[in-house]
There are 2 protein chains.
Amino acid sequence: MKIAILRERLAGEKRVAATPETVGKLKALGADVAVEAGAGEGSRILDAQYAEAGAVIAPAAEAAVKGADIVLVVRRPEAGSLKGAAKGALVIGALDPYGNEGEVAALAKAGVSAFAMEFMPRITRAQVMDILSSQANLAGYQAVIEASAAFERALPMMMTAAGTVRPAKAFVMGAGVAGLQAIATAKRLGAVVSATDVRAAAGEQVESLGAKFIMTDALKDASGEGGYARELTADEQAAQQALVASHIAKQDIVITTALIPGRPAPRLVTRAMVESMAAGSVIVDLAAERGGNVELTRPGEVIVHNGVTIIGFTNLAGRIPTTASQLYARNLLAFIETLVDKETKALAVNWDDELVKATALTRDGAVVHPAFAKAAAPV
Amino acid sequence: MKIAILRERLAGEKRVAATPETVGKLKALGADVAVEAGAGEGSRILDAQYAEAGAVIAPAAEAAVKGADIVLVVRRPEAGSLKGAAKGALVIGALDPYGNEGEVAALAKAGVSAFAMEFMPRITRAQVMDILSSQANLAGYQAVIEASAAFERALPMMMTAAGTVRPAKAFVMGAGVAGLQAIATAKRLGAVVSATDVRAAAGEQVESLGAKFIMTDALKDASGEGGYARELTADEQAAQQALVASHIAKQDIVITTALIPGRPAPRLVTRAMVESMAAGSVIVDLAAERGGNVELTRPGEVIVHNGVTIIGFTNLAGRIPTTASQLYARNLLAFIETLVDKETKALAVNWDDELVKATALTRDGAVVHPAFAKAAAPV
């Protein structure tokens, strides 16, 4: 069993799909591990460290992939880059299939079995494999760090000989994994934190972190599948917007984290709301990659509008790559452990396992995931 | 009595010497206040906000200075820019006279009475006027924010479903006002913090913030004047360096804050020490403006050496200008309150007051401060 780790191709993607820690454990599972030279560079992992953990360093991607039974990636690789892999090789990563159906079909055609880790079910057994949670947690942390760095004031209250400095007011929209970590980090730094979420259950978690929970009365609960929110009705949306509009004008830092799987990000903050904020305020839009929660967000950019800085980085977890890779690699390792027979030390995928069924996009030349099979089927 | 507030000329200096809050209080002292247009821009203060507080907005510096009895600045202005001020006008700011004796002489020649706020004695009555403390406090905070933003890992320990992430180790060198705030901020963010100082008394303060105090046995105490450290002997320096060398190799974040008034910054971190640190580590050198505590620091720049990021910003407080201006302006206001007769609402400088004697650089055409008068005297 050969496992290949590729260097990421996407510009600015500093994460890597395995670390020396997980390479050692993959070896213990019985795998030969090949790491493309320089794969860990962005996460400050040297080739020598991989080698010390037992990996062979391949000078280029082709050599790493050659004969591989499993290819580990952060981002979806181009189908062409997988040539030479074993027949039916598993390709495991954050494959981002929504809106990329053509690329998924190409992976099917290349004969690989592609697994989208972001479809891992949110069940207890799979928590350790949950890349969305591990990366969202870090994105929430990093959002506050980026906001603090861009903010022209101190976050904590400071009582000095020259008088008191009031603490910054931070508002977190969406109290999922990212939002809760953003709340915790902003609290750590001494900000006065409030948060909103359309899922009523989030209120208790927000308050347990010491933040104020803000929710419109018009909205009892909008919990959806898998811990995400459902889309709101027009009336609910209007009520929520009115509440946000009056609250946001008084905030110094706003962090938006609202995502609905497979849909564009909901628009939470309008241009008028941005313009109601004081100059010097900072907004971090964690949904920038899906179009943004903020009307003015430019994905991948930092802009200033009327003195308000809007940070639209599309890969916040990737901005603390060392920690992000560490957790991501552990997520992948935990999944691989379920795919290997511990006796024979060989690949033994149980295609009826709910984890496999939930994440498998392609198999035997076809797109097999129910959400995509139809789109890919010949008409 | 007319008080002028100038827009700062130094590139990147976003602070301003008065805020709408202090303008209101200067008015209450009986002053007319003229603010140069755009003076508050870098600190997010609009001309309209100054006007609302009672200031007249002057279209240019000349108009603001014309007939002024007091000119408030952050940085030392060029003598030429003070033409038109009242005879013997007070110029109050962070005048940075060391090494700038020619510029100080020029201020004397221009006939103004220049006050260097950084010479304010460290006595109880003058605490509220202590610009070094108010700005160092913010520099210490900002050092940790900058370090966190440059650091490619999370600072806090994180216990996640994918396992634990160890907290970052931060080491603060010099536990003065800046160092103590850096310790407090790094602790807030969840780092494991240690600190060193050559003044034995600092140990208790470091420990009261929950950080570990590290000091060589060879050094009992090196407290100097005014709460600063004295210079170390060669033996003491060697012992301190040996201790630091072994400690620093295990640190993720190092913040250096060692300054000796009127002297170049002591060299605490050698090239070899930097090279002993793991790639991905971050150093912030708060002494960059005085040449740096780190051998490799390039003042004003951020460099990467062997994977270690060295941040050499020369004006960290100026990187949170809104808060820095708020406190700086209050420091100046408090000093001015001692220079004005509350009954007559006119300037009434008591040249025998110890605050005045300590800070006055020039008067009646001469350099009068004992530390500079000799250098400026005709041979």
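Residues numbered from 1 in each chain as written. Chains lettered and ligands numbered in written order. Predicted model: local features only at pLDDT ≥ 70, side-chain atom pairs only at ≥ 80, totals over all residues. Heavy atoms only, no water.

Student: I would appreciate a short explanation of the overall build of chain A in the present structure.
Tutor: From N to C terminus, chain A includes 12 helices and 19 strands. Overall size of chain A, expressed as C-alpha extent along the three principal axes, is 65 × 55 × 35 Å. A burial count over chain A gives 55% of its 379 residues as buried. Partitioning the intrachain contacts of chain A with sequence separation of at least 6 by distance along the chain shows that 64% fall at a separation of at least 24. In the structure as shown, chain A presents an accessible area of about 15,200 Å², 53% of it carried by carbon and sulfur atoms. (Helix = DSSP H or I, 4+ residues; strand = E, 2+ residues; numbered from the N terminus. Buried < 20%, exposed > 50% of the residue type's maximum accessible area, 1.4 Å probe, protein only. Contact = heavy atoms within 4.5 Å. Areas by Shrake-Rupley, 256 points an atom, 1.4 Å probe, with all protein chains shown as cover.)

Student: Hey, could you run me through the side chain of Gln181(B) in this one?
Tutor: Relative to the assigned elements, Gln181(B) resides in helix α6 (residues 177-188). Gln181(B) gets classed as buried once you look at its relative accessible area, which sits at 15%. Dropping the residues within four chain positions of it, Gln181(B) is found in contact with Met158(A), Asn137(B), Gly140(B) and Tyr141(B).

Student: I tried to follow unusual backbone geometry on my own but got confused; where do I start?
Tutor: Where the residue is not glycine, phi is negative for most of them; where a peptide bond is considered, it is trans in most cases. Residues and elements named next belong to chain B. With a phi angle near 65°, Arg44 is a residue other than glycine that sits in the positive phi range. Within the secondary structure, Arg44 is located in the loop between β2 (32-36) and α2 (47-52). One non-glycine residue, Lys345, adopts positive backbone phi at about 55°. By the secondary structure assignment, Lys345 is in the loop between β16 (340-341) and β17 (346-347). Given the relative accessible area of 41%, Lys345 is considered partly exposed.

Student: Explain the nonpolar core to me, please; I cannot follow it from the model alone.
Tutor: Nonpolar side chains in soluble globular proteins tend to be buried together. Ranked by internal contacts, the top residues of the largest apolar core, which has 84 residues, are Ile255(A), Val284(A), Ile255(B) and Val284(B). The residues contacting Ile255(A), other than those within four sequence positions of it, are Ala143(A), Val144(A), Phe171(A), Val172(A), Met173(A), Ala182(A), Val284(A) and Leu286(A). Listed in part, the 38 residues of the second largest apolar core include Ile5(B), Ala31(B), Val74(B) and Met117(B). (Core = buried A, V, L, I, M, F, W, Y, C linked by side-chain atoms within 4.5 Å.)

Student: How should helix α5 (residues 131-150) of chain A be read in this particular structure?
Tutor: The α-helix advances 3.6 residues per turn, and as a result positions three or four apart in sequence lie on the same side. All names here are of chain A. In this model, α5 (20 residues) spans 28 Å end to end at C-alpha, consistent with the 28 Å of a helix rising 1.5 Å per residue. Most of α5 sits out of view: 16 of its 20 residues are buried. If you check the start of α5, you find a side-chain oxygen 3.1 Å away from the backbone N of Leu132, and it comes from Asp130. (Expected span 1.5 Å × (residues − 1). Polar contact = N/O pair within 3.5 Å; in protein donor to acceptor, adjacent residues only side chain to side chain.)

Student: How should the relation of the copies chain A and chain B be read in this particular structure?
Tutor: In this structure, two copies of a chain are linked by a rotation about an axis accompanied by a shift along it. Each copy superposes on the other: chain A lies on chain B with an RMSD of 0.0 Å after a rotation of 180° and an axial shift of 0.0 Å. Taken together, the rotation and translation relating the two chain copies correspond to the operation of a two-fold axis. Within chain A, the C-alpha atom positioned nearest to the axis of rotation is that of Arg188(A), 2.7 Å from it. Most of the interface of chain A is mirrored in chain B, where 100% of its interface residues again form contacts. (Least-squares fit on C-alpha atoms with pLDDT ≥ 70 in both.)

Student: Any chance you could explain the sheet that holds strand β12 (residues 253-256) of chain A here in plain terms?
Tutor: Strand pairing within a sheet occurs via backbone hydrogen bonds; the two strands may be parallel or antiparallel. Residue and element names in this part refer to chain A. What the 7 strands build is an open sheet, ordered β11-β10-β9-β12-β13-β15-β14; its pairing is mixed. The open sheet has two free edges, formed respectively by β11 (212-214) and β14 (302-305), since each of these has just one partner strand. Each adjacent strand pair in this sheet contributes to an overall mean axis angle of 20°, direction not counted. Where β14 and strand β15 (residues 308-311) come together, 4 bridges link them in antiparallel fashion. Residue pairing in the sheet places Val304 in a bridge with Thr309 of β15. (Pairing = 2+ DSSP bridges. Axes fitted to C-alpha atoms, helices over the stretch in contact; angles between N-to-C directions.)

Student: Explanation requested: the interface of chain A and chain B in the structure shown.
Tutor: Interfaces are often sized by the amount of accessible area the parts lose when they come together. Each partner contributes residues to the interface: chain A has 42 residues there, and chain B has 42 residues. Summed over both partners, the interface of chain A with chain B comes to about 3,500 Å²; 58% of that surface belongs to carbon and sulfur atoms. On the chain A side of the interface with chain B, the three residues burying the most area are Arg44(A), Glu152(A) and Arg188(A), jointly 22% of the side's total. Where chain A meets chain B, there are 4 salt bridges. For the salt bridge of Glu152(B) with Lys14(A), the shortest nitrogen-to-oxygen distance reads 3.9 Å. Across the chain A-chain B interface, the total number found is 13 residue pairs in polar contact (both at pLDDT 80 or more). Broken down by secondary-structure element, the contributors of at least two residues to the side of chain A that touches chain B are α5, β7 (158-160), β8 (163-165), α6 (177-188) and α10 (321-337) of chain A. Here the side of chain A that touches chain B is built from residues that sort into 19 nonpolar, 16 polar and 7 charged. (Buried area = accessible area lost by both parts, 1.4 Å probe. Salt bridge = Lys/Arg side-chain N within 4 Å of Asp/Glu carboxyl O. Nonpolar A, V, L, I, M, F, W, Y, C, P; charged D, E, K, R; others polar.)

Student: Looking at this structure, I do not really get the pattern of salt bridges. What am I missing?
Tutor: Pairing is possible between side chains that carry opposite charge, provided their charged atoms lie close to one another. One pass over the full model with this rule turns up 38 salt bridges over all chains. In this structure, Glu152(A) engages Arg44(B) in a salt bridge whose closest nitrogen and oxygen atoms are separated by 2.6 Å. Placement of Glu152(A) in the loop between α5 and β7 and of Arg44(B) in the loop between β2 and α2 is noted, with the two residues assigned to different chains. The exposure class assigned to Glu152(A) is buried, which follows from its relative accessible area of 10%. For Arg44(B), a relative accessible area of 27% gives the class partly exposed. Its salt-bridge partner being Arg15(B), residue Glu13(B) comes within 2.9 Å of it at the nearest N-O pair. Each member of the pair, Glu13(B) together with Arg15(B), is buried.

Student: Would you explain the pairing of β14(A) in this entry?
Tutor: On any regular strand, side chains alternate: one points to one face of the sheet, the next to the other face. Burial along β14(A) is one-sided: Ile303(A) and His305(A) are buried, and none of Val302(A) and Val304(A), which face the opposite way, are. Between β14(A) and β15(A), which follow one another and run antiparallel, lie 2 residues, and Asn306(A) among them has a positive phi close to 55°.

Student: What is the right way to read the packing of aromatic side chains from this model?
Tutor: Any pair of aromatic rings gets described here by the distance separating the centres and the angle formed by the planes. Residues and elements named next belong to chain A. The final tally for this structure, using the stated rule, is 10 aromatic pairs over all chains. Aromatic pair Tyr98 and Phe119: ring centres 5.8 Å apart, planes at 65°, arrangement edge-to-face. Here the residue Tyr98 occupies a position in the loop between β5 (90-94) and α4 (101-109), and Phe119 occupies one in the loop between β6 (113-116) and α5, the gap between them amounting to 21 residues. The partly exposed category is assigned to Tyr98, whose relative accessible area is 30%. Its relative accessible area of 16% is what places Phe119 among the buried residues. Residues Tyr98 and Phe372 carry aromatic rings whose centres are separated by 5.2 Å and whose planes lie at 50° to one another, so their mutual orientation is tilted. In this pair, Tyr98 sits in the loop between β5 and α4 while Phe372 sits in helix α12 (residues 370-376), placing the two residues 274 residues apart along the sequence. (Phe/Tyr/Trp six-rings, centres within 6.5 Å; stacked < 30°, edge-to-face > 60°.)

Student: What am I meant to see in the sheet that holds β5(A) here?
Tutor: Residue and element names in this part refer to chain A. The strand order β3-β2-β1-β4-β5-β6 describes an open sheet built from 6 strands, whose pairing is parallel. The two strands at the open ends of the sheet, each matched to only one other strand, are β3 (56-58) and β6. When the angles between neighbouring strand axes are averaged without regard to direction, this sheet yields 25°. Of the strand pairs in this sheet, strand β1 (residues 2-5) and strand β4 (residues 70-75) are connected by 3 bridges, and their pairing is parallel. Paired with Ile5 across the bridge in β4 is Leu72.

Distances and angles like these do not, on their own, reveal function.
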